[in-house]
Amino acid sequence: MKSILENRPLLAKQVTDVAEVAGYLWQKGWAERNGGNITVNVTDVVDAEIRKLPAISDRVAIGRPLPNLKGTYFFCKGTNKRMRDLARQPMENGSVIRILDDGSHYEIIADNPVKPTSELVSHLSMHNYLIGKGSNYKAALHTHPIDLVAMTHHAPFLKKDVLTNILWSMIPETRAFCPRGLGIIPYKMPSSTELADATIKELDEYDVVMWEKHGVCSVAENIMEAFDMVDTLSKSAQIYLTAKSMGFAPDGMSQEQMKEMQIAFNLPG
Ligand code: 2HA
Ligand code: ZN
């Protein structure tokens, strides 16, 4: 069977980048079994021929109306599929979906009828929100980083911006490359519309949010950037816990040093 990626280098690049990131998630130990999910809005690289492709699945209800997504296309990791398999065979472990004109249903158009991620409602709600605010962000990543998730098992860290400040202060890069910090979402059932709502509320302020005792979610222009922010935060978490395991609490950069970074890089305050 001919793949939708054939002779479509721009779409193929999006899928190849997802596969590369899926491999990193597995190597990092953040993607046990089917853990985590990725969606990328590929509408910009969809041509007229793709728009005419028939569905290879039934129409499936998303679970809520998402009016900004009418006629958009996404590459999605499949539900119950492993990141380590997505890395090697992206079109067997993910699929391209079309959001129908009612904004409430999707259908799979290629290459295989792989049902999209269990967190589809959260992912699509984030994309709907991003389009609504005129953002150029196209990628959403959810993964289970050991260090960052561990930090959400400690109530004092769940207060607004406590973790942001600890992680920013571990190494200058973290503030530079994750300038909006880390939002916190109190525990909610995975795959629920409550989790989706809480996530989009936090995206007003943050590009990366923690789902308490579960994982992290990030949005960015592309999947590499979404990964890089989580990787940078995880580096800071590693430094924090390495210091702790050596028997001391890390000093952290001072507020003056952090301010200096903010000014030098023209970062949000
Ligand atoms: O896809 O990570 O949150 C499996 C999950 C659900
Ligand atoms: Zn998860």
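If you're wondering where the values come from, they're calculated on a predicted model, not measured in any experiment.

K.L.:
Would you take a moment to explain the overall build of the chain for this structure?
P.N.:
Of the regular secondary structure elements, the chain holds ten helices and nine strands. The C-alpha radius of gyration computed for the chain amounts to 19 Å, which stays within 12% of the reference 18 Å derived for 269 residues, consistent with globular compactness. Dimensions of the chain, computed from the C-alpha atoms along their principal axes, are close to 60 × 35 × 35 Å. Burial status across the chain gives 53% buried among its 269 residues. Measuring between centres, the 29 positive side-chain charges of the chain sit 4 Å from its 32 negative side-chain charges.

K.L.:
Sorry if this is basic, but what is going on with the coordination of the zinc ion (ligand 2) here?
P.N.:
Tetrahedral coordination by four donors sets the ideal angle at the metal to 109.5 degrees; octahedral coordination by six donors sets it to 90 or 180 degrees. On the protein side, the zinc ion (ligand 2) has H142 (NE2), H144 (NE2) and H214 (NE2) as donor atoms, found 2.0 to 2.1 Å from it. Within one chain, the residues serving as donors to the zinc ion (ligand 2) are arranged as H-x1-H-x69-H. For the pair H142 and H144, one class covers both residues: buried.

K.L.:
Please explain the site of ligand 1 as it appears in this structure.
P.N.:
Residues in close proximity to ligand 1 include N34, G35, G36, N37, S118, E119, H142, H144 and H214, which together make up its full environment. In the model, an oxygen atom of ligand 1 is placed 2.8 Å from a nitrogen or oxygen of the G36 main chain. Within the side chain of H144, a nitrogen or oxygen atom sits 3.0 Å from an oxygen atom of ligand 1. Bound to the protein, ligand 1 loses 89% of the 220 Å² it would expose on its own. Tallied by class, the residues present in the shell around ligand 1 amount to no nonpolar, eight polar and one charged.

K.L.:
Sorry if this is basic, but what is going on with the sheet that holds strand β4 (residues 94-99) here?
P.N.:
Across the sheet, which stays open at both edges, the nine strands sit in the order β2-β5-β4-β3-β1-β6-β9-β8-β7 with mixed pairing between neighbours. The sheet is open, and its two edges are formed by β2 (60-61) and β7 (182-185), each paired on a single side. Along the sheet, helix α8 (residues 193-202) makes contact with β7 and β8 (208-211), crossing β7 at roughly 150°.

K.L.:
Where do I start with the side chain of R98 in this structure?
P.N.:
Looking at where R98 falls in the secondary structure, it is placed in strand β4. In this structure R98 comes out as buried when scored by relative accessible area, which is 10%. One polar contact links the side chain of R98 to the main-chain carbonyl oxygen of I50, over a distance of 3.1 Å. Here E107 takes part through its side chain, which lies 2.7 Å from a polar atom of the side chain of R98.

K.L.:
Honestly, the environment of M224 in this entry has me stumped. Any pointers?
P.N.:
By secondary structure assignment, the location of M224 is in helix α9 (residues 223-245). Taking the C-alpha atoms as reference, M224 lies 19 Å from I131; in sequence the two are 93 residues apart. Sequence-distant contacts of M224, defined by excluding residues within four places in its chain, comprise D17, E20 and V21.

K.L.:
What should I look at first to understand α9 in this one?
P.N.:
Each full turn of the α-helix corresponds to 3.6 residues, which orients residues three or four apart in the same direction. Under the 1.5 Å per step criterion, the end-to-end length of α9 is 32 Å for 23 residues, consistent within 8% with the ideal 33 Å. Where α9 is concerned, the buried positions are I223, A226, F227, M229, V230, T232, L233, S234, S236, A237, Y240 and A243. Phi turns positive one or two residues past the end of α9, at G247, with a value near 100°.

K.L.:
It is not clear to me how the pattern of salt bridges should be interpreted in this structure. Could you clarify?
P.N.:
Pairing of side chains with opposite charge becomes possible as their charged atoms draw close. Under the definition given, this model contains 13 salt bridges. D47 is the salt-bridge partner of R8, the closest N and O atoms lying 2.7 Å from each other. One end of the pair, R8, is in the segment before α1 (9-28); the other, D47, is in the loop between β1 (37-41) and α2 (48-52), and 39 residues separate them in sequence. We note a salt bridge from R180 to D207, for which the minimum N-O separation is 2.7 Å. Taken together, the residues span a long stretch of sequence, with R180 in the loop between α7 (172-177) and β7 and D207 in the loop between α8 and β8 at a distance of 27 residues. Taking the relative accessible area as the measure of exposure, D207 reaches 8% and is therefore buried. Counted as one network, the salt bridges with shared partners bring together R8, D47 and E49.

Parameters at a glance
Residues numbered from 1 in each chain as written. Chains lettered and ligands numbered in written order. Predicted model: local features only at pLDDT ≥ 70, side-chain atom pairs only at ≥ 80, totals over all residues. Heavy atoms only, no water. Helix = DSSP H or I, 4+ residues; strand = E, 2+ residues; numbered from the N terminus. Rg over C-alpha atoms; globule rule 2.2 N^0.38 Å. Buried < 20%, exposed > 50% of the residue type's maximum accessible area, 1.4 Å probe, protein only. Lys, Arg positive; Asp, Glu negative; His and termini not counted. Charge placed at Lys NZ, Arg CZ, Asp CG, Glu CD. Donors = N, O, S within 2.8 Å, 3.2 Å for Na, K, Ca; no water. Near = heavy atom within 4 Å. Polar contact = N/O pair within 3.5 Å; in protein donor to acceptor, adjacent residues only side chain to side chain. Areas by Shrake-Rupley, 256 points an atom, 1.4 Å probe, with all protein chains shown as cover. Nonpolar A, V, L, I, M, F, W, Y, C, P; charged D, E, K, R; others polar. Pairing = 2+ DSSP bridges. Contact = heavy atoms within 4.5 Å. Axes fitted to C-alpha atoms, helices over the stretch in contact; angles between N-to-C directions. Expected span 1.5 Å × (residues − 1). Salt bridge = Lys/Arg side-chain N within 4 Å of Asp/Glu carboxyl O.

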